[in-house]
Amino acid sequence: MASNFRSYIWDPVLIVCQIVLMQCIYYSFLGLWLAGVDSLVQSSRSLAQIFSYEVLGFATMQGRLSMMAFILNSLTCALGLWFFVRRGKQCLDFTVTVHFFHMIGCWIYNAHLPAALSWWLINVACMALMAVIGEYLCMRSELRAIPVNSGPKSNL
């Protein structure tokens with residue numbers, strides 16, 4: 001007899017909707033974090049800050065602040081995983097999917113794969129942060145105590 005506790009029903013529509021939602025969260029909050037960083041240093045906003053690998057770098061203040069925005073965005077996306085995916089086992093899957101589509105977007109924007117080591121390092125670090133923190137938050141929710149007694153206690 002198979003148990004139905006925590007059974008997982010494969011729902012492709014739900015998965016696609018969650019992927020689209022996580023992409024929206026990723027780019028929306030990355031845009032907000034970059035706008036906040038740009039307002040601090042009085043820099044102009046551009047789509048290149050999101051998709052160009054040349055912007056991320058340790059040499060300039062703008063590059064370091066952009067990298068900080070990417071790291072803060074990974075924390076925000078971990079909260080998105082917690083609110084919308086809600087399964088610790090799927091956090092790594094959705095994290096890799098979000099960053100894979102970001103890499104494809106960067107590839108299309110630049111007409112070639114990103115060549116800068118700093119781009120690869122920051123994306124791997126952000127992927128690790130997003131997956132680990134998202135999984136921690138989801139597991140904390142999943143392991144929360146389930147109340148068993150629903151009625152008043154009786155003395156037997």
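About the thresholds
Residues numbered from 1 in each chain as written. Predicted model: local features only at pLDDT ≥ 70, side-chain atom pairs only at ≥ 80, totals over all residues. Heavy atoms only, no water. pLDDT = per-residue confidence, 0-100. Helix = DSSP H or I, 4+ residues; strand = E, 2+ residues; numbered from the N terminus. Core = buried A, V, L, I, M, F, W, Y, C linked by side-chain atoms within 4.5 Å. Buried < 20%, exposed > 50% of the residue type's maximum accessible area, 1.4 Å probe, protein only. Patch = residues over 30% accessible without salt bridge, like charges linked within 9 Å, V, L, I, M, F, W, Y side chains within 5 Å. Areas by Shrake-Rupley, 256 points an atom, 1.4 Å probe, with all protein chains shown as cover. Salt bridge = Lys/Arg side-chain N within 4 Å of Asp/Glu carboxyl O. Contact = heavy atoms within 4.5 Å. UniProt positions renumbered as here; feature names shortened; annotations may be inferred. Disulfide = S-S within 2.5 Å. Axes fitted to C-alpha atoms, helices over the stretch in contact; angles between N-to-C directions. Parallel < 35°, antiparallel > 145°, perpendicular 65-115°, else oblique. Left-handed = near helix turned anticlockwise from the far one by under 90°. Nonpolar A, V, L, I, M, F, W, Y, C, P; charged D, E, K, R; others polar. Expected span 1.5 Å × (residues − 1).

**Q** Just checking my understanding: could you explain the confidence of the model for the protein chain for this structure?
**A** Should the pLDDT be low somewhere, the predicted coordinates at that spot are not to be read in detail. When pLDDT is averaged across the protein chain, the result is 88; 88% of the residues are at 70 or more. Model confidence for the protein chain, summarised as mean pLDDT per element, is weakest for helix H2 (residues 48-51) at 89 and strongest for helix H4 (residues 91-110) at 95.

**Q** Explanation requested: the nonpolar core in the structure shown.
**A** A general tendency of soluble globular proteins is for nonpolar side chains to be buried together. Grouped together as the largest cluster of nonpolar side chains are 28 residues, with contacts concentrated most on Met22, Phe70, Leu81 and Trp119. Elements that contribute at least two residues to this core include exactly helix H1 (12-41), H2, helix H3 (61-85), H4 and helix H5 (117-142). It is H3 that contributes the most residues to this core, 7 residues altogether.

**Q** Could you clarify how one ought to interpret a nonpolar patch on the surface in this entry?
**A** Together, Phe58, Trp107, Leu113, Leu117, Trp120 and Leu121 give the surface a local cluster of nonpolar side chains, amounting to about 630 Å² of exposed area. Looking at which element gives the most residues to the nonpolar patch, the answer is H5, with 3 residues. Looking at the element boundaries, tryptophan 107 is found in helix H4. Take tryptophan 107: its relative accessible area is 40%, and that puts it in the partly exposed class.

**Q** Just to check I follow, could you spell out the environment of threonine 95 for this structure?
**A** You can see threonine 95 is positioned in helix H4. In the structure, threonine 95 is positioned 73 residues away from methionine 22 in sequence and 8.6 Å away in space, judged by C-alpha atoms. Setting aside residues up to four positions removed in sequence, threonine 95 forms contacts with Leu81, Met127, Met130 and Ala131.

**Q** Any chance you could explain unusual backbone geometry here in plain terms?
**A** Note: most residues except glycine have negative phi, and most peptide bonds are trans. Its identity is not glycine, yet arginine 86 carries a phi of approximately 65°, on the positive side. Despite not being glycine, alanine 111 shows a phi value in the positive range, around 70°. Within the secondary structure layout, alanine 111 lies in the loop between H4 and H5.

**Q** Can you help me understand the UniProt feature "transmembrane region" (unreviewed entry) in the protein chain in this one?
**A** UniProt feature "transmembrane region" (unreviewed entry): in the numbering of this structure it lies at residues 12-35, 65-85, 92-111 and 117-138. Counting secondary structure, residues 12-35 comes out at 100% helix and 0% strand; the distance between its end C-alpha atoms is 34 Å.

**Q** Mind showing me how you'd approach the state of the cysteines here?
**A** In a disulfide, the sulfur atoms of two cysteines are covalently bonded to one another. Taken as a whole, this structure holds 0 disulfides when the rule is applied. Summary of cysteine pairing: cysteine 91 is not part of a disulfide, and the nearest cysteine sulfur, belonging to cysteine 138, is at 3.6 Å. No disulfide involves cysteine 126; its nearest neighbouring cysteine sulfur is the one of cysteine 77, lying 9.1 Å away. Looking at cysteine 126, the relative accessible area reads 3%, which means it is buried.

**Q** Sorry if this is basic, but what is going on with the packing of H3 against H4 here?
**A** Two quantities define a packed helix pair, namely the angle between the helix axes and the distance between the axes. At a minimum axis separation of 11 Å, H3 and H4 run at an interaxial angle of 135°. Taken together, the axes of H3 and H4 are oblique relative to one another. Here H3 runs over H4; the crossing is right-handed. Here Phe70, Leu81 and Val85 of H3 lie close against H4, whose contacting residues are Cys91, Phe94, Thr95 and His102. Looking at the contact of H3 with H4, its residues break down into 5 nonpolar, 2 polar and no charged.

**Q** How should H4 be read in this particular structure?
**A** Since one α-helical turn is 3.6 residues long, residues separated by three or four positions face the same way. The first and last C-alpha atoms of H4 sit 28 Å apart over 20 residues, in line with the 28 Å expected at 1.5 Å per residue. By the burial criterion, the buried members of H4 are Cys91, Phe94, Thr95, Val98, His99, His102, Met103, Gly105, Cys106 and Asn110. On its buried face, H4 is in contact with H1, H2, H3 and H5.

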